[in-house]
Amino acid sequence: MDGNAPDPRYWEKMRLVAEVLKAVEGPIYIATHVDPDGDAIGSSLGLYRSLKALGKEAYWVAEPPRFLRFLPKEEEYSDPVDKLPVGATLVALDSAEPSRVVGVPVEGFVINIDHHGTNPRFGHIAVVDPSKAATAQMVKDLIDLLGVEWTAEIATPVLTGILTDTGNFRFANTTPEVLRVAAELVGYGVKLAELTDRLQFRPPSYFRLMGQVLSTVAFHFGGLLVTAHLPEEAKREEEDSDDFVGLIRYVEGSVVSVFLRKREEGVKVSIRSRGGVSAQNIALKLEGGGHVPAAGATLKDVDLDRAYELVLEAVAEELRRAGYL
Ligand code: AMP
Ligand code: MN
Ligand code: MN
C-alpha cells in the first residue's frame, strides 16, 4: 500500500470518531508530537476547546514552543502523566509515530488522527490522510461532526495549524478545499492579520541566532543541497531554531535543504525538498519520517560531523533516484 494515498474511508472513520467522543463519559486526553509545531498545538487546542464546549472531561497535554504560547490560556494546560486512568480515551494528533506522542503514554482507547504518510496507522481508530494539508484540517471536519458551535476561540487554533503547515497558503498542499476551509474559519471571527503577524514574532535573540546559523550555510552536489546547523555555542537558543530550514530552502538552484541541531540524544535533522526530490525518502533512510516535501529524523548517538556524513549519503541516494546525479 502507498502510505501517501488518501484514506478512502476518511468520512466513515471520522464519523465513528465523532460518535465515540460524543458517547465517552470518562476522561479524554488530547496529546500531540514532541517538538510541537503550529499544527500540533493548533489541532490539539482546537479539539480540546471543542470537547470542553461539549461538557467533556478533557485534558490538553502539550508544551507549546514560545512562538505559540499566546494561543492557550494558563488554565487550559494539563501536566504530563505517566499513566492514564482506566477507561481513558487518548486522541493523538499530528503524531507520525506512537513514540513521538509526548506527555502521555499511548494507552487506553487510542484515536490517531494524522496526515503523515509514514504513520503506521497505530491505535484503535486511525484516521490518517496524507492528502490533508494539516491535522488541523481534519480536526475542522471532526469539530463539524461533533456539532460544536464554532467560535473564534475554536477557529483560531484550528486555522493556526492550517497556516503553519501550508506556509501561509504557499505550499503545494494548499488545495481549493484548504482555502475554502480557511475562509470559513476566518468567518468565525479569527483576526487573520493579527494571527499571522503574531505567529512570526520571535525574541531578539532569534535574530542574532539567525546570523550565526547563516554563517554555517554550505552547498553540496553543485548547489542541489543546502545545509546549515545550530552552532554548538548557541544550543540554549535551540527552541527558536525551528524556522531555519524554511529560510535556507530558498537558495536558488537547490532542491533539498537540511538543518541540523545537536541534542543530547543525537542530532535532529529537518529536511525540505522540491523538484521531484522526496524529503520523506531521505528521512526514512535516516529512520525518521514525515511528508514528501517536509520530513525529519533524529540520528541517535552521533556527533555533528557524523550526522553530516549520514545526511550527505542519504541525500545523494535520493538525488540519484530522482535523476539529478
Ligand atoms: P520538522 O523538520 O521537525 O519540522 O519536521 C518536518 C515534518 O516531519 C513534520 O511533519 C514532522 O512531524 C515530521 N517528522 C520530523 N521528525 C520525524 C521523525 N523522527 N519521525 C517521523 N516524522 C518526523
Ligand atoms: Mn506537526
Ligand atoms: Mn501537521
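Going by what an unreviewed UniProt entry lists, the chain is known as Exopolyphosphatase and is assigned to Thermus scotoductus.

Visitor: Explain the coordination of the manganese ion (ligand 2) to me, using residue names and the numbers behind them.
Guide: Every protein donor of the manganese ion (ligand 2) is accounted for by His 33 (NE2), Asp 37 (OD), Asp 37 (OD) and Asp 94 (OD), and the metal-donor separations fall at 2.0 to 2.7 Å. The sequence pattern formed by the donor residues of the manganese ion (ligand 2) is H-x3-D-x56-D. In this structure, the manganese ion (ligand 2) lies 3.6 Å from the manganese ion (ligand 3), and both are coordinated by Asp 94. Residue class for His 33 comes out buried when judged on its relative accessible area of 4%. We classify Asp 37 as partly exposed; its relative accessible area is 23%.

Visitor: Please set out the UniProt feature "domain: DDH" (unreviewed entry) in the chain residue by residue, giving values where relevant.
Guide: On the UniProt side, "domain: DDH" (unreviewed entry) is annotated at positions that read residues 28-162 here. Overall, residues 28-162 shows 29% helix and 18% strand. The separation of its end C-alpha atoms is 24 Å.

Visitor: Can you tell me about the pattern of salt bridges, naming the residues and giving the values?
Guide: Tallied over the full model, the rule gives 14 salt bridges. Its salt-bridge partner being Asp 35, residue Arg 263 comes within 3.0 Å of it at the nearest N-O pair. Taken together, the residues span a long stretch of sequence, with Arg 263 in strand β8 (residues 256-263) and Asp 35 in the loop between β1 (28-32) and α2 (38-53) at a distance of 228 residues. Taking relative accessible area as the criterion, Arg 263 reaches 16% and is therefore assigned buried. Owing to a relative accessible area of 26%, Asp 35 belongs among the partly exposed residues under this scheme. Asp 144 is the partner of Lys 140 in a salt bridge, and the nearest nitrogen-oxygen pair spans 2.4 Å. With Lys 140 and Asp 144 both in helix α3 (residues 135-146) and four residues apart, this pair spans about one turn of that helix.

Visitor: Please give an account of the sheet that holds strand β3 (residues 89-93) that cites residues and values.
Guide: In spatial order, the strands read β2-β1-β3-β4-β5; together these five strands make up an open sheet with parallel pairing. Of all the strands in the sheet, the pair left with one neighbour each is β2 (58-61) and β5 (125-128). This sheet shows a mean twist of 15° between the axes of neighbouring strands, independent of strand direction. For β1 and β3, the ladder comprises five bridges, and the chain directions are parallel. Across the sheet, Thr 32 pairs through a bridge with Leu 93, a residue of β3. Against the sheet, α2 contacts β1, β2 and β3, and its axis sits at roughly 165° relative to β2. Packed on one face of the sheet, α3 meets β3, β4 (109-114) and β5 and runs near 120° to β4.

Visitor: Give a description of the confidence of the model for the chain that names residues and reports values.
Guide: Taken as a whole, the chain shows an average pLDDT of 96; of its residues, 100% reach a score of 70 or greater. Confidence scores differ between elements of the chain, with helix α7 (residues 204-214) showing the lowest mean pLDDT of 92 and α3 the highest of 99.

Visitor: Break down the domain arrangement of the chain for me, citing the residues and quoting the values.
Guide: Here the chain is partitioned into domain 1 (9-200) and domain 2 (205-322). When each unit is reduced to the centre of its C-alpha atoms, the spacing between domain 1 and domain 2 is 27 Å. Each side of the interface is counted separately: domain 1 has eleven residues, and domain 2 has eleven residues. Of the roughly 900 Å² buried where domain 1 meets domain 2, counting both sides, 38% is carbon and sulfur surface. Among the residues of domain 1 in contact with domain 2, Asp 35, Arg 66 and Thr 118 are the three that bury the most area, contributing 49% of the side total. Where domain 1 packs against domain 2, one counts two salt bridges. The interface formed by domain 1 and domain 2 contains four residue pairs in polar contact (both at pLDDT 80 or more).

The rules behind these values
- Residues numbered from 1 in each chain as written.
- Chains lettered and ligands numbered in written order.
- Predicted model: local features only at pLDDT ≥ 70, side-chain atom pairs only at ≥ 80, totals over all residues.
- Heavy atoms only, no water.
- Donors = N, O, S within 2.8 Å, 3.2 Å for Na, K, Ca; no water.
- Buried < 20%, exposed > 50% of the residue type's maximum accessible area, 1.4 Å probe, protein only.
- UniProt positions renumbered as here; feature names shortened; annotations may be inferred.
- Helix = DSSP H or I, 4+ residues; strand = E, 2+ residues; numbered from the N terminus.
- Salt bridge = Lys/Arg side-chain N within 4 Å of Asp/Glu carboxyl O.
- Pairing = 2+ DSSP bridges.
- Axes fitted to C-alpha atoms, helices over the stretch in contact; angles between N-to-C directions.
- Contact = heavy atoms within 4.5 Å.
- pLDDT = per-residue confidence, 0-100.
- Domains from an automatic or database assignment.
- Buried area = accessible area lost by both parts, 1.4 Å probe.
- Polar contact = N/O pair within 3.5 Å; in protein donor to acceptor, adjacent residues only side chain to side chain.

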